Amino acid sequence: MNTLLFLSGGKGLRTNKNIPKQYISIAGKPMFIHSLEKFDRIEGISEIVIVCEKNYIEYIRNICKQFNIKKKIFFADAGNTRQQSVYNGLKIIRTPSVIIHEAARPFITIEEIENLISIEEANVVFAIKIPFTVLKGGEFIEQILNRDELFNIQLPQKFSVENLLQAHEIAILREQEFTDDSSLLFNNSSMKIKIIEGSSFNIKITNEVDFILADEIHREYFSRR
Amino acid sequence: MKSCIITGAGSGIGREVAIKLSGYNNFDYYALLGRNQEELLRTKLLMKNGEVEIYNIDLIDTSKIADVVSQIISKTNSIDCLLNIAGFTDPQSLLTTTYDSFETTYKVNVFSPFLLIRECVRYMKENGGKILNIASTAGSSPRPGWLSYSSSKAALISMSLTLAEELAEYGIKVYCVSPGRCATKLRVKLAPQEDPRMIMQPEEVAQVIYNLLITDDGCLDGQNIIVRKQVKKQIL
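Residues numbered from 1 in each chain as written. Chains lettered and ligands numbered in written order. Predicted model: local features only at pLDDT ≥ 70, side-chain atom pairs only at ≥ 80, totals over all residues.

Enquirer: Go over the sheet that holds strand β5 (residues 72-77) of chain A with me, naming the residues and quoting the values.
Expert: Residue and element names in this part refer to chain A. With mixed pairing, seven strands are arranged side by side in an open sheet as β5-β4-β1-β6-β10-β7-β11. Two strands lie at the open edges of the sheet, namely β5 and β11 (194-197), each paired on one side alone. The average undirected angle you get between the axes of adjacent strands in this sheet is 30°. As paired strands, strand β1 (residues 2-8) and strand β6 (residues 97-102) are joined by six bridges and run parallel to one another. In the strand pairing of β6, Leu7 is matched with Glu102. Relative to the sheet, helix α1 (residues 31-40) contacts β1, β4 (45-52) and β6, its axis offset from that of β1 by approximately 180°. (Pairing = 2+ DSSP bridges. Helix = DSSP H or I, 4+ residues; strand = E, 2+ residues; numbered from the N terminus. Axes fitted to C-alpha atoms, helices over the stretch in contact; angles between N-to-C directions. Contact = placed C-beta atoms within 7 Å.)

Set out below in structure tokens:
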């Protein structure tokens, strides 16, 4: 059985809005509820841990009630970094396996979640090929990276709670900071992490332009009658 | 248990739809909502199959709607179909329309469908379903003297079309049927001089509704479906 660890601690600094982006409406409902509704319907998820700022707990509870989210929800405090937030959530998980997802990716599908859960390996991530050129550098180009060897890593991701918690504790001791848990686990353990094909519709809403894309994706692929 | 809620089930289109649906074993459970208990009992007696329960509620009292839906859910665990058929009219010109009359019309024709849909969708969104709202041709081609009725039906048309878009991702289809002149009690208020035998009958609208609920697979939801019958006028 799995717990959903749902990251909703973002402060929305890059979108220049008054409220964190995950609480802004897309297609008529708050961004975060789009994916929570999907996870709520997955049998392989037993409960949900939402990591968020304390002052949003009541708001989230209220929206979840209105949308009739049935799974048991626990809350954990958002940390100063994404990594701290995940660690805070991991510590209260009671199942052997965790699915980590973020509120800013509203377009995950039920089929994709079920596929992730059904894969035998304990540690699994979604990724898509990079269709553009990626270079390393600062003021000047320093290195050409071979895009055929690179992946755009997406959420949700599945991990063994034991493996990931241990890797997080090593990262704390080593004072390392990662922006993604597959990187953290890869760096701090010998566990194999399986890559499965993600979807280019599963975008992360980050900038203003993503909100425009989000409405379009919802209209064309989720709300099509 | 496959369940269906029908408002305005005591007479007219609501009664005919209830009878038609029950005749073909379409649902296991029917909740008939209406303000006249005797009329609802009469409808129940005419229904052939399925468990039928009566909820004696005047939709003007919108505060009772959430409670009725939870009572139904506690018995059925799901709601597969909601038919908002009840309607109210008090035709008046602008200068004689009271606030109370305007409000009552909106409570029955707009607010109660809104509340019923909201409460039902909380459950319906799990497995999908069908919602059908009875609007009126008056909602798109208004007449003087029908201010509250026409504008309330226009609101219901717009609500239906909006919700068809919003609820599509849950597999919920929202239909909007706008009958033209139909021989109901409400029509008598709008056109008391008309011979009801010469216009469309509730059974005919019920047949259209039945077809939408049972056979349509997503080609006709999200549209204002106008149902009219050409009736030749009697030559005197």
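Enquirer: Go over the interface of chain B and chain A, please, and point to the residues and values.
Expert: Taken together, the contact pairs ten residues of chain B with six residues of chain A. Looking at the side of chain B that touches chain A, the elements with two or more residues in it are α4 (99-124) and α5 (147-167) of chain B. Of the residues assigned to the side of chain B that touches chain A, the class counts are three nonpolar, two polar and five charged. (Nonpolar A, V, L, I, M, F, W, Y, C, P; charged D, E, K, R; others polar.)

Enquirer: Account for the nonpolar core, with residues named and values stated.
Expert: Ranked by internal contacts, the top residues of the largest apolar core, which has 56 residues, are Ile5(B), Ile6(B), Val17(B), Leu32(B), Leu82(B), Leu83(B) and Cys120(B). Filtering out sequence-adjacent residues up to four positions away, Leu32(B) remains in contact with Ile6(B), Ala9(B), Ala18(B), Leu40(B), Thr43(B), Lys44(B), Val52(B), Ile54(B) and Tyr55(B). Of all hydrophobic cores here, the second largest spans 50 residues; its members include Phe32(A), Ile113(A), Leu116(A) and Leu184(A). (Core = buried A, V, L, I, M, F, W, Y, C linked by C-beta atoms within 7 Å. Buried ≥ 20, exposed ≤ 12 C-beta atoms within 10 Å, placed from the backbone.)

Enquirer: How would you sum up the pairing of strand β3 (residues 51-56) of chain B? Please name residues and give values.
Expert: Residue and element names in this part refer to chain B. Examined bridge by bridge, strand β2 (residues 29-34) and β3 share six bridges and lie parallel to one another. When the sheet's bridge partners are listed, Gly34 is paired in β3 with Asn56. Viewed along the sheet, the connection from β2 through helix α2 (residues 37-46) into β3 turns out right-handed. (Right-handed = clockwise from strand over helix to strand, strands pointing away.)

Enquirer: Give me the lowdown on the sheet that holds strand β4 (residues 81-84) of chain B, citing residues and values where you can.
Expert: All names here are of chain B. Spatial ordering of the open sheet is given by β3-β2-β1-β4-β5-β6-β7, a layout of seven strands whose pairing is parallel. Either end of the sheet is taken by a strand with one partner, and the two such strands are β3 and β7 (224-227). Between one strand axis and the next, the sheet turns through 15° on average, direction left out of account. The strands touched by α5 are β5 (129-134), β6 (172-179) and β7; relative to β6, the strand with the most contacts, the crossing angle is about 160°.

Enquirer: Quick one: what's the story with the pairing of β1(A), residue by residue and with numbers?
Expert: Most of β1(A) is tucked away: seven of the seven residues are buried. Residues of β1(A) alternate between two faces, with Asn2(A), Leu4(A), Phe6(A) and Ser8(A) on one and Thr3(A), Leu5(A) and Leu7(A) on the opposite face, all of them buried.

Enquirer: Which residues make up unusual backbone geometry, and what values do they have?
Expert: The phi angle of most residues is negative, glycine excepted, and most peptide bonds adopt the trans form. In the segment running from Leu155(A) into Pro156(A), the intervening peptide bond is cis, with an omega of 10°. Along the polypeptide, Pro156(A) turns up in strand β10 (residues 151-160). One non-glycine residue, Glu175(A), lies in positive phi territory at about 55°. Turning to its location among the elements, Glu175(A) is positioned in the loop between α5 (161-173) and α6 (181-188). The phi dihedral of Asn77(B) falls on the positive side, at around 70°, and the residue is not glycine. Looking at the element boundaries, Asn77(B) is found in the loop between α3 (65-76) and β4. Take Asn77(B): there are 11 C-beta atoms within 10 Å of it, and that puts it in the exposed class.

Treat this as a map of the structure, not an account of what it does.
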